[in-house]
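Spelled out from the first residue to the last, the chains are:
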Amino acid sequence: MANDVRHNADVIDAVMPIAREQHVNARRAMEGSNLATKLQESLQALDTVVKYHTTNVRNFCTDTDYVAAVQEELDRALGAQMNQLEPR
């Protein structure tokens, strides 16, 4: 599960920044335009929000992998202890 979710975060990052051409050229194409300024600032803010969420998704995946590994190790240890018990 974590690998699939992490892959989705990578796909999202591949299209960052969002609307790359518009992001770069917004102010250049319409010099002195408040609309162009707001457009560029909005796209930058959207990129920040998307980056925040992809980072959180990756952190979730890392935590999920860690917890799953710990649980598997606990299960192995418990199984080993049970195998050492003598039948009653």
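Residues numbered from 1 in each chain as written. Predicted model: local features only at pLDDT ≥ 70, side-chain atom pairs only at ≥ 80, totals over all residues. Heavy atoms only, no water.

Novice: Give a detailed account of the packing of helix α2 (residues 20-29) against helix α3 (residues 34-84), specifying residues and quantitative values.
Specialist: The contact between α2 and α3 brings their axes to 8 Å, and the two run at 155 degrees. Taken together, the axes of α2 and α3 lie roughly antiparallel to each other. Between α2 and α3 lies a crossing whose hand is left-handed. Seen from α2, the contacting residues are Gln22, His23, Val24, Ala26 and Arg27; seen from α3, they are Ala36, Thr37, Leu39, Gln40, Glu41, Leu43, Gln44 and Asp47. Looking at the contact of α2 with α3 residue by residue, the class counts come to 5 nonpolar, 5 polar and 3 charged. (Axes fitted to C-alpha atoms, helices over the stretch in contact; angles between N-to-C directions. Helix = DSSP H or I, 4+ residues; strand = E, 2+ residues; numbered from the N terminus. Parallel < 35°, antiparallel > 145°, perpendicular 65-115°, else oblique. Left-handed = near helix turned anticlockwise from the far one by under 90°. Contact = heavy atoms within 4.5 Å. Nonpolar A, V, L, I, M, F, W, Y, C, P; charged D, E, K, R; others polar.)

Novice: Which residues make up the pattern of salt bridges, and what are the values?
Specialist: Oppositely charged side chains may form a pair once their charged atoms are brought near each other. Tallied over the entire structure, the rule returns 7 salt bridges. Connected through shared salt-bridge partners, Asp10, Asp13, Lys51 and Arg58 make up one network. (Salt bridge = Lys/Arg side-chain N within 4 Å of Asp/Glu carboxyl O.)

Novice: Describe the environment of Gln71, and please don't skip the residues or the numbers.
Specialist: Here Gln71 lies in helix α3. Counting along the chain gives 27 residues from Gln71 to Gln44, while the straight-line C-alpha distance between them is 41 Å.

Novice: Account for the confidence of the model for the protein chain, with residues named and values stated.
Specialist: For the protein chain, per-residue confidence averages 87 on the pLDDT scale, and 100% of positions sit at 70 or higher. Ranking the helices and strands of the protein chain by mean pLDDT puts α3 first, with 91, and α2 last, with 75. (pLDDT = per-residue confidence, 0-100.)

Novice: An account of helix α1 (residues 2-14) is requested, with residue identities and associated values reported.
Specialist: The terminal C-alpha atoms of α1 lie 18 Å apart, and with 13 residues this matches the ideal 18 Å at 1.5 Å per residue to within 8%. Listed as buried for α1 are Ala2, Ala9 and Asp13. On an axial view of α1, the arc spanned by its buried residues comes to 40 degrees, and they lie on one face. More than 90 degrees from the buried face of α1, the exposed residues found are Asn3, Asp4 and Ala14. Residues of α1 that are buried sit in contact with α3. (Expected span 1.5 Å × (residues − 1). Buried < 20%, exposed > 50% of the residue type's maximum accessible area, 1.4 Å probe, protein only. Arc of directions from axis to C-beta.)

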